[in-house]
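Observations on the three-dimensional arrangement
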Amino acid sequence: MMREQSCILHADLDAFFASVEQIQDPSLVGKPVIVGGLGPRGVVAAASYEARRFGVYSATPMARARRLCPSGVFLAPRFDAYTAASAQVQEIFRSVTPLVEPLALDEAFLDVSGSGRLFGDAAQIGELLRESVRSQTGLTVSVGVATTKLVAKLASDSAKPDGLMVILPEAALGFLHSLPVERLWGVGPSTRGKLARFGVRTISELAAFPKDTLIATFGRKVGSHLHDLAWNCDEREVVAAELPLAELRGA
């Protein structure tokens, strides 16, 4: 069951690598910026929203990106610059709560349950973080607010780009069940295909699907996990941490 007292934010910087490049070189603003491996087997690490209009996204093979967006500005990653920008943003996050759990250079969970007295309610804290990040770094960040990590992450995804979405506890299942099943963590093409063979394409349909059948199909661990996620059973807490060195180096 959901933890009523928890207030979790998921903050995700928009098109982070490409945005850093545009901020540090204003001549790139408004242009389709594509960051990634520039060799024949390279892949896109980040694409500005201008590039996404051409169908270029993270993990797109670079050769395909060049075909889709011949007018793009193609850049090799500069992880030192991204690490410095990320550190500045993380400092802003920690100015409102010590409970910050980075997931990568461009995203983190924050538990702001104890921050209300100083900074207001969750929506106000989310707006404060967005404005602080924008004014101090020039970057934009999308924020999702919920009582579980699962829904907070899905809310920030739905808020992109440059938005804030607050999912109240009583609205969490309605929001979750409205989404396609592939929005759940761990549901990749293979799992999605197996679920589709049972006619399960939305999280609502997954929630209504017999748990025993999920376990028989995917095994006890995965089947139980899918059932729990479909009902927003996510007891994971935000654990204060520093970003691993491998992430800081862009590995």
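Residues numbered from 1 in each chain as written. Predicted model: local features only at pLDDT ≥ 70, side-chain atom pairs only at ≥ 80, totals over all residues. Heavy atoms only, no water.

**Concerning the overall build of the chain**
The number of helices and strands found in the chain is 13 helices and eight strands. In terms of overall size, the chain behaves like a compact globule, its C-alpha atoms giving a radius of gyration of 19 Å where 251 residues would be expected to give roughly 18 Å. Counting only C-alpha atoms, the chain reaches 55 × 50 × 30 Å along its principal axes. Per-residue burial over the chain gives 47% buried out of 251 residues. (Helix = DSSP H or I, 4+ residues; strand = E, 2+ residues; numbered from the N terminus. Rg over C-alpha atoms; globule rule 2.2 N^0.38 Å. Buried < 20%, exposed > 50% of the residue type's maximum accessible area, 1.4 Å probe, protein only.)

**Concerning the pattern of salt bridges**
Counted by the stated rule, this structure contains nine salt bridges. Close ionic contact of lysine 149 with glutamate 101 constitutes a salt bridge, the shortest N to O distance being 2.7 Å. Note that lysine 149 is positioned in helix H7 (residues 149-159) and glutamate 101 in strand E5 (residues 100-104), a separation of 48 residues in sequence. The class of lysine 149 is buried, set by a relative accessible area of 5%. In this structure glutamate 101 comes out as buried when scored by relative accessible area, which is 16%. (Salt bridge = Lys/Arg side-chain N within 4 Å of Asp/Glu carboxyl O.)

**A look at the layout of surface pockets**
Here the second largest pocket is characterised by a volume of approximately 180 Å³. Contributing to the lining of the second largest pocket are 13 residues, with Asp14, Ser19, Gln22, Tyr49 and Thr140 lying nearest its centre. Looking at the lining of the second largest pocket, the elements with two or more residues in it are helix H1 (16-24) and helix H2 (49-52). Top contributing element to the lining of the second largest pocket by residue count: H1, with three residues. Of the residues that constitute the lining of the second largest pocket, the class distribution is five nonpolar, five polar and three charged. (1 Å grid on protein atoms, 1.4 Å probe; cavity = no way out; pocket = protein on both sides within 12 Å on 5 of 7 lines; lining within 4 Å. Points joined across faces, edges and corners; volume = space filled by probe spheres on them. Nonpolar A, V, L, I, M, F, W, Y, C, P; charged D, E, K, R; others polar.)

**Looking at the nonpolar core**
Nonpolar side chains in soluble globular proteins tend to be buried together. One finds Leu9, Phe16, Phe93 and Leu110 to be the most contacted residues of the largest nonpolar core, which totals 33 residues. Going through the elements one at a time, strand E1 (8-13), H1, strand E2 (33-36), helix H4 (79-94), strand E6 (107-111), helix H6 (122-137) and strand E7 (141-146) are the ones with two or more residues in this core. At six residues, H4 tops the list of elements feeding residues into this core. Once residues within four sequence positions are removed from consideration, leucine 110 is found in contact with Cys7, Ile8, Leu9, Ala11, Phe93, Val96, Thr97, Leu99, Val100, Leu129 and Val238. (Core = buried A, V, L, I, M, F, W, Y, C linked by side-chain atoms within 4.5 Å. Contact = heavy atoms within 4.5 Å.)

**Regarding unusual backbone geometry**
For the bond from lysine 160 to proline 161, the omega torsion is -5°, close enough to zero to count as cis. For proline 161, the position within the fold is in the loop between H7 and strand E8 (164-166). With a phi close to 55°, aspartate 162 is a non-glycine residue in the positive phi region. With respect to the secondary-structure elements, aspartate 162 resides in the loop between H7 and E8.

**Notes on empty space enclosed by the protein**
Enumeration over the complete set of coordinates arrives at one cavity of 30 Å³ or more. Here the largest cavity is characterised by a volume of approximately 30 Å³. In terms of lining residues, the largest cavity is bounded by Ala11, Leu13, Ser86, Val89, Gln90, Phe93, Leu105, Asp106, Glu107 and Ala108. Elements supplying a minimum of two residues to the lining of the largest cavity: E1, H4 and E6. When residues of the lining of the largest cavity are assigned to their parent elements, the largest contribution, four residues, is made by H4. Looking at the lining of the largest cavity residue by residue, the class counts come to six nonpolar, two polar and two charged.

**A short note on the packing of aromatic side chains**
This structure, assessed with the given rule, holds seven aromatic pairs. Note on phenylalanine 17 and tyrosine 82: the rings are 4.1 Å apart at their centroids and 10° apart in plane angle, and the pair reads as stacked. Here phenylalanine 17 is found in helix H1, whereas its partner tyrosine 82 is found in helix H4, with 65 residues between them in sequence. Side by side, phenylalanine 17 and tyrosine 82 carry an identical accessibility label, which is buried. A network of ring pairs unites the aromatic residues Phe16, Phe17, Phe79 and Tyr82 as a single cluster. (Phe/Tyr/Trp six-rings, centres within 6.5 Å; stacked < 30°, edge-to-face > 60°.)

**Brief notes about H6**
With 16 residues, H6 should cover 22 Å at 1.5 Å per step; its first-to-last C-alpha distance of 22 Å lies within 8% of that length. For H6, the full list of buried residues reads Ala122, Ile125, Gly126, Leu129, Arg130, Ser132, Val133 and Thr137. Down the axis of H6, the sector holding all buried residues measures 165°, keeping them to one side. For H6, the side-chain oxygen to backbone nitrogen distance between the N-cap and alanine 123 is 3.2 Å, and the N-cap itself is aspartate 121. (Expected span 1.5 Å × (residues − 1). Arc of directions from axis to C-beta. Polar contact = N/O pair within 3.5 Å; in protein donor to acceptor, adjacent residues only side chain to side chain.)

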